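# What the coordinates show
Each chain, written out:
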Amino acid sequence: MIKTFKLDTRADTSSLKFPKELFLYSRDIDGQWQTDDTVAKEEALSYYYFPDSYVDRNFNLGDGVNKFKKIPEEQNVANFAPLLLAIKQHEQQTGKKTKVDIITFRGIMTKLLTLPYDTKTPVHLYVIGYDGQLFIKADTDYEIKQRDAEKEQLAASDPEKAKYNETCEYSGYKFEALTTLPKPWAQCSRAMIEKRGKKAVNNYEQYISVVRSGIGKVKTLLAGEVDCVWDYVPNEEEGKNETVKHYVELKTSAMVDLPHKAVNFERKLFRTWAQCFLLGIPKIVYGFRDQKHLLKNVEVYSTEEIPLLIKNSEYPRGTVQKFHCVDALKWYGAVLEWLLQSVDANDELKAYKIVYDPGSRTFSLNECMGDENKRLRNGELLTEDFKAWREQLR
């Protein structure tokens, strides 16, 4: 069975449900997952602190790249097992099933949301129905092979550029280490604040927020990494969901000093808006680096103001289309409704693959067959522990 969906399809409405944080989980420096809210907040959550005057210090975002503790690619994927365990624990506390239509990761939904304006990037996802809900995961084998092939090709054709790109990737983690603290500023020593530039950098540690959101009639549960909070974590009296309003996304970019670079940055900003919008993160901090990876400027953006900022852009664009956030949301609403209509959320025997092919510009849903179907149905996505738990709830 193959079903296709036109890229120009749009929903009549883009009405949204503001993300509500349900629970947290985290990954520690050893790569171990922790599914306790308190542990996540105390051990994995960072706090932003980077006064404007610090920009003048000319921090090098490439410093320490040779000591970077980088998690292996095959381990640094959106892993359903810890998410499902965290869902189970949340449902044990509430005593009821989490009522949503789709369970997945923020990164996957970002791909779908931005697709009409990112038509050159392929999409390969898996979806299965279980217990009245759709579970969507990335085809991680495909993604890792694609990234490895691109890196190998660039390393063979242009070693210097390959090395430069590696440092650019590292600079994002370095910027995060440079601008955040493990505790609120008042609880940190002077040495802890001032020595961040020499701190060893890793991409093992993650703080994951899980929110319930949705668009139109479709309700979603999304898990996504949060970089830090802007100021403080609200207490329980202020309301659990108040924490979302304090989250910050950290990004780096090359300096924008030419018109074509401005358009490229708009593309980045559009994608960052999508990431933050889906999780409810209200603030974005961009660090701008020069060709030598020196930090030259830091800008703060409001997520809700980005659609208008992009819409009013007057930079020469050539053949590059403008990015329309509301239009992307109408596509997002339409494609999620189509998935719910096309996949039986109670059919535990079939798995499907969602594919977008840039060559033919086709977006399709294909039924998985044989070993691929068996592999997805038998533990690669849903764990036996989670299925046993849901059986108890029925």
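Per chain, residue numbering runs from 1 following the sequence as it is written. Selection of residues for local features in this predicted model requires a pLDDT of at least 70, selection of side-chain atom pairs for listing and counting requires 80 or more, and totals for whole chains, interfaces and linings are taken over all residues. Computation of side-chain values covers all heavy atoms of the structure but excludes hydrogens and water.

The name recorded for the chain in an unreviewed UniProt entry is Decapping nuclease, from Candidozyma pseudohaemuli. UniProt positions are given in the numbering used here, feature names are shortened, and annotations may be inferred rather than shown by experiment. Under the UniProt heading Subcellular location (unreviewed entry), the note attached to the chain is "Nucleus". Recorded in UniProt for the chain, the comment headed Sequence similarities (unreviewed entry) runs: "Belongs to the DXO/Dom3Z family."

By secondary structure assignment, the location of K20 is in strand β2 (residues 16-27). The exposure class of K20 is partly exposed, given its relative accessible area of 42%. C-alpha separation for the pair K20 and V218, spaced 198 residues apart in sequence, amounts to 15 Å. Excluding residues that lie within four positions of it along the chain, K20 makes contacts with V210, V211, R212 and N241. The way it works is that DSSP assigns letters per residue, a run of H or I at least four long becomes a helix, a run of E at least two long becomes a strand, and they are numbered from the N terminus. Here the term buried applies to any residue with accessible area under 20% of the maximum for its type, exposed to any over 50%, and partly exposed to those in between, with areas from a 1.4 Å probe on protein chains only. Any two residues whose heavy atoms approach within 4.5 Å are treated as being in contact.

Side chains that are three or four residues apart share a direction in an α-helix, a result of its 3.6 residues per turn. Across the nine residues that make up helix α3 (residues 106-114), a large majority, seven, are buried. Every buried residue of α3 is listed here: R106, I108, M109, T110, L112, L113 and T114.

Membership of the largest hydrophobic core comes to 87 residues, with the highest contact counts inside it found for L83, F135, L336 and F363. At ten residues, helix α9 (residues 325-342) tops the list of elements feeding residues into this core. If near-sequence neighbours (up to four positions away) are discounted, F363 is found in contact with K3, T4, F5, L7, L112, L115, W331, V335, W338, I354, V355 and Y356. By nonpolar core is meant a set of buried Ala, Val, Leu, Ile, Met, Phe, Trp, Tyr and Cys residues that side-chain atoms within 4.5 Å join together. By size, the runner-up hydrophobic cluster in this structure holds 17 residues, among which are V55, F59, L61 and C228.

A separate point is helix α10 (residues 370-380). Of the positions making up α10, those classed as buried are N373, L376 and R377. The arc that holds the buried residues of α10, viewed along the axis, is 90°, so those residues lie on one side. Opposite its buried face, α10 presents the exposed residues G370, D371, K374 and N378, each directed more than 90 degrees away. Note that the arc is computed from the directions linking the helix axis to the C-beta atoms.

Below, the discussion takes up the environment of E91. Its place among the elements puts E91 in helix α2 (residues 80-94). Distance in space between the C-alpha atoms of E91 and G287 is 39 Å, their sequence separation being 196 residues. Not counting residues up to four positions away in its chain, the partners in contact with E91 are K96, K97, T98, W389, R390 and L393.

A separate point is the pattern of salt bridges. Any Lys or Arg side-chain nitrogen located within 4 Å of an Asp or Glu carboxyl oxygen qualifies as a salt bridge. The tally for this structure, following the rule as stated, stands at 21 salt bridges. In this structure, E169 and K70 form a salt bridge, with 3.7 Å as the shortest nitrogen-oxygen distance. Placement of the pair is E169 in helix α5 (residues 159-179) and K70 in the loop between β4 (47-48) and α2, with a sequence separation of 99 residues. Overall, the relative accessible area of 34% leaves E169 in the partly exposed class. The salt bridge partner of K245 is E242, with a shortest N-O separation of 3.1 Å. Take E242: its relative accessible area is 28%, and that puts it in the partly exposed class.

With that settled, consider the packing of helix α4 (residues 140-157) against α5. Their axes nearest at 5 Å, the elements α4 and α5 cross at an angle of 135°. Viewed along their axes, α4 and α5 adopt a mutual orientation that is oblique. Residue-level inspection shows K151, L154, A155 and S157 of α4 in contact with α5, the latter providing P159, K161, A162, N165 and E169. When its residues are assigned to classes, the contact of α4 with α5 shows four nonpolar, two polar and three charged. Inter-axis angles, ranging from 0 to 180 degrees, are taken between N-to-C directions of lines fitted to C-alpha atoms, where helices are fitted over the stretch in contact. An angle below 35 degrees is treated as roughly parallel, one above 145 as roughly antiparallel, one from 65 to 115 as roughly perpendicular, and anything else as oblique. Asp, Glu, Lys and Arg are counted as charged, while Ala, Val, Leu, Ile, Met, Phe, Trp, Tyr, Cys and Pro are counted as nonpolar; the rest, among them Gly, fall into the polar class.

Pairs of strands are assigned from DSSP output, requiring at least two bridges between the strands. On the basis of which strands lie adjacent, the open sheet formed by ten strands has the order β1-β16-β15-β6-β7-β5-β10-β9-β2-β3 and mixed pairing. Strands with a single pairing partner mark the edges of an open sheet, and in this sheet they are β1 (2-5) and β3 (33-34). Packed onto the sheet, α3 meets β5 (102-105), β6 (123-130), β7 (133-138), β10 (218-225) and β16 (362-367) and runs at close to 95° relative to β5. Running at roughly 35° to β6, helix α11 (residues 384-393) makes contact with β5, β6 and β7 of the sheet.

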